[in-house]
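Each chain, letter by letter, is given below.
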Amino acid sequence: IVMNRKGLVLLSLMLATGLPISLSAEQNHVIVVSGLGGAQEYRDRFHEWSIQLVDAAIDRHGIPADQVVFLAEQPDRDPDRIRARSTWENIQTAITEVAEHAAFDDLVLIVLIGHGSFSGSVSHFNLPGPDPTVVDFAVALNELRDQQVVFVNTATASGEFIAGLSGPKRTIITATKTARERNETKFGEFFVEAFAGRVVPEFETPTATNSVNEIAIDDVADANKDGRVSLLEAFDYTRRQVARVYEESGLLLTEHAMLDDNGDGYGSDEPDPLTDGADGRIAQALFFTPSGRLTTAELETDDPTLMGLYAERNAIEKRVLAHRTLRDGMDSAIYEQELERLLIDLALKNREIRNAEDEVPQP
């Protein structure tokens with residue numbers, strides 16, 4: 001193994017006992033792009049989805065407001081939230097600014113909400129002014145080599161972005177399987193809902209301090225009910241909801257969402273983090289909520305078995321974080337092999353936690 005002195009010390013700590021390693025938490029950075037709407041119906045729809053995602057990032061997931069960039073077709077619709085018009089030049093500027101401020105292995109989430117198109121040879125995302133191609137985005141993302149990048153294209157004809165952007169430290173999600181799936185997509189609505197949650201009115205008896213119904217947020221995408229949503233959970237939830245809407249409407253499914261996080265350039269419609277070499281291992285370890293915050297389940301449970309399992313999972317997650325700091329000091333093959341082992345351990349531990357949670361009596 002080729003390793004510097006710092007790497008050797010950290011690896012020894014990481015592999016010795018499995019105890020949590022105290023490291024500074026990674027930060028999350030978000031760029032939301034609302035593209036060219038065309039008809040007013042789509043302008044309103046894209047704007048509303050984008051607002052929900054931006055507000056969820058700041059208010060629900062605790063991402064600092066100065067680390068959330070919102071670019072939109074009409075900045076005057078909400079000048080307090082919208083940084084600038086969603087032109088290709090402004091998107092490039094936003095990516096450059098994040099690259100300059102983000103630390104090694106920070107999570108950078110880029111979400112495109114709007115229309116896409118396919119010219120017959122290359123896919124585009126529709127913006128005010130020139131429409132960038134998948135090749136344009138590939139060049140721009142090269143500035144984020146040191147960060148964990150999640151790139152989500154919710155638009156029509158987005159399938160080609162998988163092959164065009166796939167690579168190390170990248171999770172690419174598209175609303176369609178190919179560029180030829182050009183019908184209006186429903187993916188964006190449910191992907192936003194996965195992180196923003198679904199508003200549910202809770203009917204309670206009015207009191208002196210509560211004269212109206214309280215509003216609760218249902219974390220509908222949180223499959224394991226641990227109080228946080230991984231990128232894999234968000235993808236799986238969105239894919240299921242899209243299929244449900246088409247089925248209930250009696251329509252043929254015309255969009256097939258894909259996820260690629262193993263860098264092979266091929267997406268999966270049903271990622272499985274427990275299958276060797278499959279997509280999903282990275283996505284199940286990436287969260288919209290920045291690392292270092294206790295989950296709702298961890299705060300609320302008093303079950304000793306679950307408390308122990310949560311502690312074991314946190315230890316694995318911290319070993320993943322520690323291992324990622326060693327990338328520049330290790331042989332790449334050894335680095336990837338050990339990272340894969342840790343992510344498998346994490347997936348197995350999550351499954352063990354889900355089984356244990358199912359056995360705990362509900363109040």
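Treat the numbers as computed from the prediction; the structure is a model and nothing was measured.

S.K.: Run through the side chain of Ser158, naming residues and quoting values.
M.R.: Note on placement: Ser158 falls in the loop between strand S7 (148-153) and helix H5 (160-165). Residue class for Ser158 comes out buried when judged on its relative accessible area of 0%. Side-chain polar atoms of Ser158 contact the backbone oxygen of Ala155, separated by 2.9 Å.

S.K.: Before we move on, could you go through the packing of aromatic side chains and cite the residues and values that matter?
M.R.: In total, this model carries nine aromatic pairs according to the counting rule given. When the centroid spacing of 6.1 Å and the interplanar angle of 55 degrees are considered together, the rings of Phe46 and Trp49 count as tilted. Pair noted here: Phe46 and Trp49 are both in helix H2 (residues 40-60), with a separation of three residues, about one helical turn. A residue is classified by how much of its surface remains accessible, and Trp49, at 10% relative accessible area, is buried. Cluster of aromatic residues (ring-pair linked, three or more members): Trp88, Phe137, Phe151 and Phe161. It is Lys169 that lies over the ring of Phe104; its NZ or CZ is 4.2 Å from the centre. Above the plane of the ring of Phe287 lies Arg228, whose end atom (NZ or CZ) is 4.1 Å from the centre.

S.K.: I'd like a description of the environment of Leu53, backed by residues and values.
M.R.: Inspection of the secondary structure puts Leu53 in helix H2. Between the alpha carbons of Leu53 and Ala194 there is a distance of 9.5 Å; along the sequence they are 141 residues apart. With near-sequence residues (within four places) excluded, Leu53 lies in contact with Val32, Val111, Val192, Phe195 and Phe288.

S.K.: Summarise H2; cite the residues concerned and give the values.
M.R.: Its 21 residues place the ends of H2 29 Å apart at the C-alpha level, agreeing with the 30 Å of an ideal helix rising 1.5 Å per residue. Buried residues of H2: Tyr42, Phe46, His47, Trp49, Ser50, Ile51, Leu53, Val54, Ala56 and Ala57, and no others. Tucked into the core, H2 has its buried residues touching strand S1 (28-34), strand S2 (68-72), strand S4 (107-113) and helix H6 (187-196). Downstream of H2 by a residue or two, Gly62 has a phi angle that is positive, lying close to 70 degrees.

S.K.: Talk me through the packing of helix H3 (residues 88-101) against helix H4 (residues 134-141); I want residue IDs and the actual numbers.
M.R.: With their axes 10 Å apart at the nearest point, H3 and H4 run at an angle of 25 degrees to one another. In terms of orientation, H3 lies roughly parallel with respect to H4. The handedness of the crossing between H3 and H4 comes out as right-handed. For the pair formed by H3 and H4, the contact residues are Trp88, Ile91 and Ile95 on the first element and Asp136, Phe137, Ala140 and Leu141 on the second.

S.K.: Quick one: what's the story with the sheet that holds strand S11 (residues 258-260), residue by residue and with numbers?
M.R.: A sheet is described by the order of its strands in space; here seven strands give the open sequence S3-S2-S1-S4-S7-S8-S11, paired in mixed fashion. The open sheet is flanked by strand S3 (84-85) and S11, the only strands paired with a single partner. Taken together, the three bridges between strand S8 (residues 170-174) and S11 define a ladder with antiparallel strand orientation. By the bridge assignment for S11, Thr174 is matched with Met258. Lying on the sheet, H6 is in contact with S4, S7 and S8; it crosses S8 at an angle near 135 degrees.

S.K.: Got a sec to walk through unusual backbone geometry? Specific residues and values, please.
M.R.: Despite not being glycine, Asp105 shows a phi value in the positive range, around 70 degrees. Structurally, Asp105 can be placed in the loop between H3 and S4.

S.K.: Can you break down the pattern of salt bridges residue by residue, with the values?
M.R.: In this structure the tally under the stated criterion is 17 salt bridges. The residue Glu97 makes a salt bridge to Arg83 at a minimum N-O spacing of 3.4 Å. Highlighted residues: Glu97 in helix H3 and Arg83 in the loop between S2 and S3, separated in sequence by 14 residues. The class of Glu97 is partly exposed, set by a relative accessible area of 33%. Residue class for Arg83 comes out partly exposed when judged on its relative accessible area of 45%. Note that Glu340 and Arg281 form a salt bridge whose closest N and O atoms lie 2.4 Å from each other. Placement of Glu340 in helix H10 (residues 332-359) and of Arg281 in the loop between S11 and helix H8 (296-300) is noted, with a sequence separation of 59 residues between them. In this structure Glu340 comes out as partly exposed when scored by relative accessible area, which is 29%. Residue Arg281 is classed as buried on the basis of its relative accessible area, which comes to 6%.

S.K.: I'd love a proper account of the environment of Ala223, names of residues and values included.
M.R.: Take Ala223: it is sitting in the loop between strand S10 (214-218) and helix H7 (231-248). Look at Ala223 and you get exposed, because its relative accessible area is 54%. Once the C-alpha coordinates of Ala223 and Glu233 are considered, the two residues, ten residues apart in sequence, prove to be 6.5 Å apart.

Scoring rules and cut-offs
Residues numbered from 1 in each chain as written. Predicted model: local features only at pLDDT ≥ 70, side-chain atom pairs only at ≥ 80, totals over all residues. Heavy atoms only, no water. Helix = DSSP H or I, 4+ residues; strand = E, 2+ residues; numbered from the N terminus. Buried < 20%, exposed > 50% of the residue type's maximum accessible area, 1.4 Å probe, protein only. Polar contact = N/O pair within 3.5 Å; in protein donor to acceptor, adjacent residues only side chain to side chain. Phe/Tyr/Trp six-rings, centres within 6.5 Å; stacked < 30°, edge-to-face > 60°. Lys NZ or Arg CZ within 6 Å of the ring centre and 35° of its normal. Contact = heavy atoms within 4.5 Å. Expected span 1.5 Å × (residues − 1). Axes fitted to C-alpha atoms, helices over the stretch in contact; angles between N-to-C directions. Parallel < 35°, antiparallel > 145°, perpendicular 65-115°, else oblique. Left-handed = near helix turned anticlockwise from the far one by under 90°. Pairing = 2+ DSSP bridges. Salt bridge = Lys/Arg side-chain N within 4 Å of Asp/Glu carboxyl O.

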